Amino acid sequence: MEKRKDSLRIIAQALSSYRAEEMFISFNGGKDCTVLLDLIHQANLKDAKQIKCIYVRPLNPFSEIEEFVDRCRQHYGITIATVDGGIKAALEQICRADPQLKACIMGSRRSDPYCERLASFQETDPGWPRLMRINPLLEWTCEDIWSYIREHNVPYCALYDRGYTSIGDRTNTIPNPHLKVEADSSEEVTYLPAYTLQDADKYERAGRL
């Protein structure tokens, strides 16, 4: 897969620009950063596995996400630190706790909100903690993400099997209506898995409130 090679090239470039201890992976238990974590830990790149991973936990997290983060700790044999709060406040806290940090590796994709003009290496905006944002998955589509997960048997959060396609927290996330299974009014509402969504880059966030 050419995009996988490009992503590994970006990660290798990051490791040539920064020491592993100067970077961290921003992790929220979602499918994109899960692929990012898997890529880094499967890559045969010197020091890649030494990059720390930090779970930025929202105020009202799904229990399934919490359980999945624990599963990732065990699956990859790594420490995943947890920081609570919104992303900006979390980054401020992370940088205060470890002043040597210079770069954050993220699972952002081009179709995500505000990522249309993002570069593979781009500094944070004014007013944010000063970090280099590294985006190895920028050119991946939602279909690419699910193809990688399913082809490589990558673990993922159980919510995706219940129709969730873009997961925030309990206050702003519902199953994607495009995956709802039509049924009689007497039957329980069910949803198809996230990886079956058609035109996923267009409808992926239809379950966000």
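The sections below set out a description of the structure shown in this document.

Parameters at a glance
- The numbering scheme is per chain: residues are counted from 1 as the chain's sequence reads.
- Note on the predicted model: pLDDT of at least 70 is required for a residue's local features to be given, and 80 or more for side-chain atom pairs to be given and counted; whole-chain, interface and lining totals, by contrast, use all residues.
- Hydrogens and water molecules were not included; the side-chain quantities draw on all heavy atoms of the structure.
- Side-chain atoms within 4.5 Å are what join buried Ala, Val, Leu, Ile, Met, Phe, Trp, Tyr and Cys residues into a set we call a nonpolar core.
- Buried residues are those whose accessible area, probed at 1.4 Å on protein chains only, stays under 20% of the maximum for their type, while exposed residues exceed 50% and partly exposed ones sit between those limits.
- By definition, any uninterrupted DSSP run of H or I lasting at least four residues is a helix, any uninterrupted run of E lasting at least two residues is a strand, and each is numbered from the N terminus.
- Just so you know, the domain bounds were taken from an automatic or database domain assignment.
- Here a polar contact is taken to be a pair of N or O atoms separated by no more than 3.5 Å, where protein atoms must pair a possible hydrogen donor with a possible acceptor and residues adjacent in sequence count only if both atoms sit in side chains.
- Residues are treated as being in contact if the distance between any of their heavy atoms lies within 4.5 Å.
- A pair of strands is treated as paired once DSSP finds two or more bridges between them.
- Between the N-to-C directions of two axes lies an angle of 0 to 180 degrees, each axis being a line fitted to C-alpha atoms and, for a helix, fitted only over the stretch in contact.
- Crossover handedness is defined by viewing with both strands directed away from the observer: a clockwise path from the first strand over the helix to the second marks the crossover as right-handed.
- Each salt bridge in this description consists of a side-chain nitrogen of Lys or Arg and a carboxyl oxygen of Asp or Glu lying within 4 Å of one another.

1. Here we look at the nonpolar core
In step 1: Within the largest apolar cluster, 51 residues are counted, with the highest numbers of intra-cluster contacts made by Met23, Phe27, Val35, Leu37, Ile65, Ile80 and Ile134.
In step 2: Those elements that place two or more of their residues in this core are α1 (2–17), β1 (23–27), α2 (31–42), β2 (52–57), α3 (63–76), β4 (103–105), β6 (132–134) and α5 (142–151).
In step 3: Top contributing element to this core by residue count: α2, with 6 residues.
In step 4: Residue-level mapping places this core at the junction of two domains, with at least three residues from each of domain 1 (1–134) and domain 2 (155–202).
In step 5: In terms of nonpolar packing, the next biggest core, distinct from the first, is built from 12 residues, Val56, Cys104, Met106 and Leu131 among them.

2. Side note on the side chain of Arg133
In step 1: The topology assignment puts Arg133 in strand β6.
In step 2: At 2.9 Å, the side chain of Arg133 forms a polar contact with the backbone oxygen of Glu123.
In step 3: In contact with Arg133, other than residues within four places in its own chain, are Cys104, Met106, Leu118, Ser120, Phe121, Gln122, Glu123, Thr124 and Asp125.

3. As for the sheet that holds β2
In step 1: Strand order in the open sheet formed by 6 strands is β3-β2-β1-β4-β6-β5, with mixed pairing between adjacent strands. The open sheet is flanked by β3 (80–84) and β5 (121–123), the only strands paired with a single partner. Across this sheet, the average inter-strand angle for adjacent strands is 30 degrees, counted without regard to direction.
In step 2: In this structure, β4 lies alongside β6, joined through 3 bridges in parallel fashion. Following the sheet pairing, Ala103 is matched in β6 by Met132.
In step 3: Against the sheet, α1 makes contact with β1, β5 and β6, and its axis sits at roughly 55 degrees relative to β5, the strand it touches most.
In step 4: Together, β1, β2 and β4 form the strand contacts of α2, whose direction differs from that of β1 by roughly 145 degrees.

4. Overview of α5
In step 1: Of all the positions in α5, only Cys142, Asp144, Ile145, Trp146, Tyr148 and Ile149 are classed as buried.
In step 2: Here the buried face of α5 lies against α1, α2 and α6 (200–203).

5. Considerations on the pairing of β2
In step 1: Bridge count between β1 and β2: 4 bridges; the pairing is parallel. By the bridge assignment, Phe24 is partnered in β2 with Lys52.
In step 2: Read as a crossover between parallel neighbours, the route from β1 over α2 to β2 is right-handed.
In step 3: Bridge count between β2 and β3: 5 bridges; the pairing is parallel. By the bridge assignment, Tyr55 is partnered in β3 with Thr82.
In step 4: Read from β2 through α3 to β3, the crossover connection turns out right-handed.

6. Things to note about the pattern of salt bridges
In step 1: Under the definition given, this model contains 17 salt bridges.
In step 2: A salt bridge links Glu66 to Arg57, with the nearest nitrogen and oxygen atoms 3.1 Å apart.
In step 3: Overall, the relative accessible area of 25% leaves Glu66 in the partly exposed class.
In step 4: Taken together, the salt bridges that share partners define one network made up of Lys31, Asp32, Arg109, Asp201 and Glu204.

In short, geometric facts, not functional conclusions.
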